[in-house]
Amino acid sequence: MLARRILLRLLQSIPTLAGVAVLTFVLVRVVPGDPVAMMIPPGADDAAVARLYAMYGLDKTISQQFLIWAGQALGGNFGISITTRQAVTGLIFSRLPATLELVTVAAFVAVALGVAMAVIGTRFAGRAGEVVVDGITGFFLAVPDFLWGLAFIVVFGVLLPLLPISGRADPTQASGLSTEFTLIESFVRFRWGITTDVLAHMAMPAVALALPLAAMIARVLKSSLAEQMGQDYALLSRVKGFSRWHVILAEALRNAAIPTVSLTGVQVTFLVGGTVLIEKIFSYPGIGSLAIDAVINRDLPLIQGLILTFAVIFILINLALDLSYAALDPRLRHG
Amino acid sequence: MAERGTLRHAAKNWRVLMGGALLLALVIAAVFAKSLAPYDPLDQDLSAQLAPPDWHFAADAHPLGTDSLGRDVLSRLIYGSRVALTVALVAGILTALVGTALGLAAGFFGGWADTVISRAVDIWSSFPPVLLSIILVALIGTGLWSVVAAIVLIDWTRFCRVVRAETLKQRRLDYVDAAIVAGLTPGRILWREIVPNILPLALVLLTLEMGIAVVIEAILSFVGLSISSDAPSWGGMIAEGREVVHEAPWVLTGAMLVLLATVLGFNILGDGLKAELDPVLR
């Protein structure tokens with residue numbers, strides 16, 4: 001049942017991916033700006049320039065270029081990056097783990113902080129505690145992740161130099177790890193010195209990404225908790241003598257979770273989008289900073305590969321979201 | 001009860017006042033940049049590179065320090081407010097017009113217009129806005145007007161979604177039926193009856209949108225996709241300040257704080273206006 005559902009959703013995502021592929025290919029081709037022209041040294045003769053265009057396949061028509069590109073893309077080959085001259089696929093895969101780890105940590109921080117604020121705000125509903133929580137969420141929402149990142153750099157990187165402000169790990173230490181999932185691998189292999197180093201590098205970008213999302217989660221969860229606390233079952237529990245904490249945490253929270261889960265899922269895709277900028281600010285070596293450099297250098301093969309990578313990530317997040325509804329709401333499991 | 005009501009009312013006014021004051025400072029800085037700025041924002045002084053803030057009020061002092069070319073940070077911040085204000089006004093208002101018009105059309109006429117517009121909003125909103133704006137500007141070329149175009153292209157959905165929902169709600173109210181019975185044309189009903197009821201909501205959204213527009217411009221300048229890096233803009237100063245943050249943290253700090261104050265100003269004003277204009281909340 002579950003396997004069929006996953007398969008069906010994956011099949012449904014094929015046309016979406018194909019659409020994204022065609023769209024990015026066409027868009028990237030029709031824009032002005034010639035990446036090869038930037039590489040030509042002054043005084044190069046016409047034949048050499050033509051050879052260079054032919055080398056990148058830019059002498060063919062757009063439809064021919066698309067067919068060649070699509071054929072190779074199906075086999076996992078997205079061509080060669082124009083600026084770094086490395087294979088796009090390899091380049092993306094070497095950077096993707098850093099972004100995935102960052103997004104995961106940020107999402108955990110956001111959920112933990114958001115739920116904590118919602119629960120505290122609900123527990124102290126109508127009192128000073130609620131006003132404080134509402135004030136904090138309002139502030140977290142108003143300030144975008146971009147500004148949080150910069151503020152953290154000034155405060156925790158320069159004024160009180162507690163945390164490193166760029167990179168992913170201390171470059172002077174050879175890690176000796178075999179994958180790019182540095183955080184997970186170092187933890188599993190008991191190289192906890194590296195784990196703490198990676199976490200220290202991740203702390204500021206992850207929290208900067210997490211704060212606005214945490215505030216959004218807190219708002220939505222708090223309003224559904226308020227609704228649940230007005231239900232008869234919550235009142236009954238209170239009359240029976242259970243504490244407010246107990247009613248909120250053990251009873252209302254589960255029932256209030258669904259709107260929050262759907263919001264979090266949608267927002268996690270925006271978290272992935274937010275990494276583009278946050279990685280740039282913190283010189284964090286993930287696919288986000290790679291994307292900005294690719295756009296600025298007009299590195300066409302890399303841009304196409306990255307947009308498709310982002311599209312695949314968004315589709316997978318939505319799939320995970322769909323499945324989690326079924327886990328949370330028994331009514332959706334049958335039918 | 002009465003006392004609480006008054007208190008609440010005062011708190012809302014306090015928000016409008018505070019947000020308004022922050023934005024008034026922005027407008028004054030932008031309009032009177034020439035007389036307010038102690039230096040020409042482009043004047044380089046290579047003998048005073050990365051000079052720290054100096055509060056001695058001497059004739060050649062730099063109150064907020066200088067950047068790596070010896071340009072006065074305070075003067076650049078003041079001139080940078082012109083870019084911010086231009087983007088806030090032009091991009092904000094254009095976004096509001098496009099989004100509101102489409103939202104009204106979708107909500108009022110329904111049918112295929114609604115289907116097409118709502119579908120477009122759904123597709124649009126599924127892309128992360130920052131990524132989309134960077135790709136868009138890379139496609140249409142850099143510069144202030146590309147940035148404005150990118151903001152309008154990305155953010156019209158914010159207005160469209162809310163205005164459509166509100167128009168649907170208004171459409172079902174009796175006064176619209178009364179206007180139909182009275183023989184008013186659809187265009188007249190829309191313009192004379194529904195638009196005035198949508199206006200307060202659009203105004204609140206516009207205030208918030210202006211803050212968002214300022215941030216997007218700063219982000220694109222930071223990435224190097226907005227106006228040229230010589231012209232003073234807060235995003236450009238942030239990018240430069242990030243490079244020299246260890247030697248001269250004042251460049252980044254100054255630009256970050258004025259951007260923060262502007263964003264908060266628009267947000268606080270927007271929240272205050274929402275509370276003032278919403279009869280239910282009031």
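Residues numbered from 1 in each chain as written. Chains lettered and ligands numbered in written order. Predicted model: local features only at pLDDT ≥ 70, side-chain atom pairs only at ≥ 80, totals over all residues.

### Considerations on the overall build of chain A
Part 1 of the reasoning: Counting its regular elements, chain A contains 13 helices and zero strands.
Part 2 of the reasoning: The order of α-helices and β-strands along chain A, N terminus first, is α-α-α-α-α-α-α-α-α-α-α-α-α.
Part 3 of the reasoning: Within chain A, the fraction of its 335 residues that count as buried is 37%.
Part 4 of the reasoning: Across chain A, every contact between residues at least 6 apart in sequence was considered, and the portion connecting residues at least 24 apart equals 71%. (Helix = DSSP H or I, 4+ residues; strand = E, 2+ residues; numbered from the N terminus. Buried ≥ 20, exposed ≤ 12 C-beta atoms within 10 Å, placed from the backbone. Contact = placed C-beta atoms within 7 Å.)

### A closer look at the overall build of chain B
Part 1 of the reasoning: Of the regular secondary structure elements, chain B holds ten helices and zero strands.
Part 2 of the reasoning: Listing every helix and strand of chain B by position from the N terminus yields α-α-α-α-α-α-α-α-α-α.
Part 3 of the reasoning: The principal-axis extents of the C-alpha atoms in chain B amount to approximately 75 × 55 × 30 Å.
Part 4 of the reasoning: Evaluated residue by residue, chain B yields a buried proportion of 46% over its 282 residues.

### Brief notes about helix 12 (residues 287-296) of chain A
All names here are of chain A.
Part 1 of the reasoning: Summarising burial for helix 12: eight of the ten residues are buried, a large majority.
Part 2 of the reasoning: All buried positions along helix 12 are accounted for by Ile287, Gly288, Ser289, Leu290, Ala291, Ile292, Ala294 and Val295.
Part 3 of the reasoning: Trailing helix 12 by a residue or two, arginine 298 shows a phi angle of about 55 degrees, which is positive.

### A few points about the interface of chain B and chain A
Part 1 of the reasoning: Counting residues at the interface gives 24 residues for chain B, matched by 25 residues for chain A.
Part 2 of the reasoning: Mapped onto the side of chain B that touches chain A, the elements with two or more residues apiece are helix 5 (129-140), helix 8 (186-223), helix 9 (234-243) and helix 10 (249-277) of chain B.
Part 3 of the reasoning: If you tally residues by element for the side of chain B that touches chain A, the top one is helix 10 of chain B, at nine residues.

### Side note on the packing of helix 3 (residues 73-109) of chain B against helix 8 of chain B
The packing of two helices is summarised by the inter-axis angle and the distance between the axes.
Residue and element names in this part refer to chain B.
Part 1 of the reasoning: Relative orientation of the contacting elements helix 3 and helix 8 amounts to 140 degrees, with a least axis distance of 7 Å. Relative to helix 8, the element helix 3 is oriented oblique. The two elements helix 3 and helix 8 meet at a crossing, and its hand is right-handed. On the side of helix 3, the interface is formed by Val83, Ala84, Val87, Ala88, Ala91, Gly92, Thr95, Ala96, Thr100, Leu104 and Phe108, while helix 8 contributes Leu190, Ile194, Ile198, Ala202, Leu205, Leu206, Glu209, Met210, Ala213, Val214 and Glu217.
Part 2 of the reasoning: Of the residues belonging to the contact of helix 3 with helix 8, the class tally is 17 nonpolar, three polar and two charged. (Axes fitted to C-alpha atoms, helices over the stretch in contact; angles between N-to-C directions. Parallel < 35°, antiparallel > 145°, perpendicular 65-115°, else oblique. Left-handed = near helix turned anticlockwise from the far one by under 90°. Nonpolar A, V, L, I, M, F, W, Y, C, P; charged D, E, K, R; others polar.)

### Looking at the nonpolar core
Part 1 of the reasoning: In terms of nonpolar packing, the biggest core is built from 158 residues, with Ala214(A) and Ile134(B) touching the most fellow members.
Part 2 of the reasoning: Excluding residues that lie within four positions of it along the chain, Ile134(B) makes contacts with Val276(A), Ile292(A), Val295(A), Val223(B) and Leu225(B). (Core = buried A, V, L, I, M, F, W, Y, C linked by C-beta atoms within 7 Å.)

### Re unusual backbone geometry
Residues and elements named next belong to chain A.
Part 1 of the reasoning: Residue arginine 85 is not a glycine yet carries a positive backbone phi of 60 degrees.
Part 2 of the reasoning: Residue placement: arginine 85 occurs in the loop between helix 4 (62-74) and helix 5 (88-123).
Part 3 of the reasoning: On the basis of neighbour counts, which here come to 8 C-beta atoms within 10 Å, the residue arginine 85 falls in the exposed class.
Part 4 of the reasoning: One non-glycine residue, serine 283, lies in positive phi territory at about 45 degrees.
Part 5 of the reasoning: For serine 283, the location among the structural elements is in the loop between helix 11 (244-281) and helix 12.

### Brief notes about the environment of Gly70(B)
All names here are of chain B.
Part 1 of the reasoning: Tracing the backbone through its elements, the reader meets glycine 70 in the loop between helix 2 (33-36) and helix 3.
Part 2 of the reasoning: Expressed as a C-alpha distance, the spacing of glycine 70 and leucine 50, which sit 20 residues apart in the sequence, is 6.1 Å.
Part 3 of the reasoning: The contact partners of glycine 70, leaving out residues within four places of it in the chain, are Gln44, Asp45, Leu46, Ser47, Ala48 and Gln49.

### Observations regarding the packing of helix 5 of chain B against helix 6 (residues 144-171) of chain B
Residue and element names in this part refer to chain B.
Part 1 of the reasoning: Relative to each other, helix 5 and helix 6 sit at 135 degrees, their axes nearing to 9 Å. In terms of orientation, helix 5 lies oblique with respect to helix 6. Regarding helix 5 and helix 6, the two cross each other, and that crossing is right-handed. For the pair helix 5 and helix 6, contact is made by Pro129, Leu132, Ser133, Leu136, Val137 and Ile140 and by Ser146, Val147, Ala149, Ala150, Leu153 and Ile154, respectively.
Part 2 of the reasoning: The residue inventory of the contact of helix 5 with helix 6, partitioned by class, reads ten nonpolar, two polar and no charged.

### A few points about the environment of Leu23(B)
Residue and element names in this part refer to chain B.
Part 1 of the reasoning: On the secondary structure map, leucine 23 appears in helix 1 (residues 2-31).
Part 2 of the reasoning: Classification of leucine 23 as buried rests on a count of 21 C-beta atoms within 10 Å.
Part 3 of the reasoning: Sequence separation between leucine 23 and glycine 236 is 213 residues, and the spatial gap between their C-alpha atoms is 21 Å.
Part 4 of the reasoning: Ignoring anything within four residues of it in the chain, the contact list for leucine 23 reads Gly265, Phe266 and Leu269.

### A look at the domain arrangement of chain A
Part 1 of the reasoning: Partitioning chain A into domains gives domain 1 (12-74) and domain 2 (95-288).
Part 2 of the reasoning: Centre-to-centre separation of domain 1 of chain A and domain 2 of chain A, based on C-alpha positions: 40 Å. (Domains from an automatic or database assignment.)

### Structural notes on helix 5 of chain B
Part 1 of the reasoning: The end-to-end C-alpha distance of helix 5 of chain B is 16 Å, a good match for the 16 Å that twelve residues give at a rise of 1.5 Å each.
Part 2 of the reasoning: The complete set of buried residues in helix 5 of chain B reads Pro129(B), Val130(B), Leu131(B), Ser133(B), Ile134(B), Ile135(B), Val137(B) and Ala138(B).
Part 3 of the reasoning: Against the buried residues of helix 5 of chain B lie helix 11, helix 12 and helix 13 (300-328) of chain A together with helix 6 and helix 8 of chain B.
Part 4 of the reasoning: Directly beyond the C-terminal end of helix 5 of chain B, a positive phi value near 100 degrees is found at Gly141(B). (Expected span 1.5 Å × (residues − 1).)

### A closer look at the confidence of the model for chain B
Residue and element names in this part refer to chain B.
Part 1 of the reasoning: Within chain B, residue pLDDT values average 84, and 91% of them lie at 70 or more.
Part 2 of the reasoning: Averaged pLDDT values for the elements of chain B fall to 76 in helix 1 and rise to 93 in helix 3.
Part 3 of the reasoning: Across the predicted assembly, pTM comes out at 0.84 and ipTM at 0.84. (pLDDT = per-residue confidence, 0-100.)

### Some details on the environment of Gly76(A)
Residue and element names in this part refer to chain A.
Part 1 of the reasoning: Residue position: glycine 76 is located in the loop between helix 4 and helix 5.
Part 2 of the reasoning: Owing to 9 C-beta atoms within 10 Å, glycine 76 belongs among the exposed residues under this scheme.
Part 3 of the reasoning: Sequence-wise, glycine 76 and isoleucine 317 are 241 residues apart; in three dimensions their C-alpha atoms are separated by 21 Å.

### Describing the confidence of the model for chain A
Part 1 of the reasoning: For chain A, per-residue confidence averages 83 on the pLDDT scale, and residues scoring 70 or more make up 93% of the total.
Part 2 of the reasoning: Of all secondary-structure elements in chain A, the lowest mean pLDDT belongs to helix 2 (residues 35-39) of chain A, at 66, while helix 5 of chain A reaches the highest, 92.

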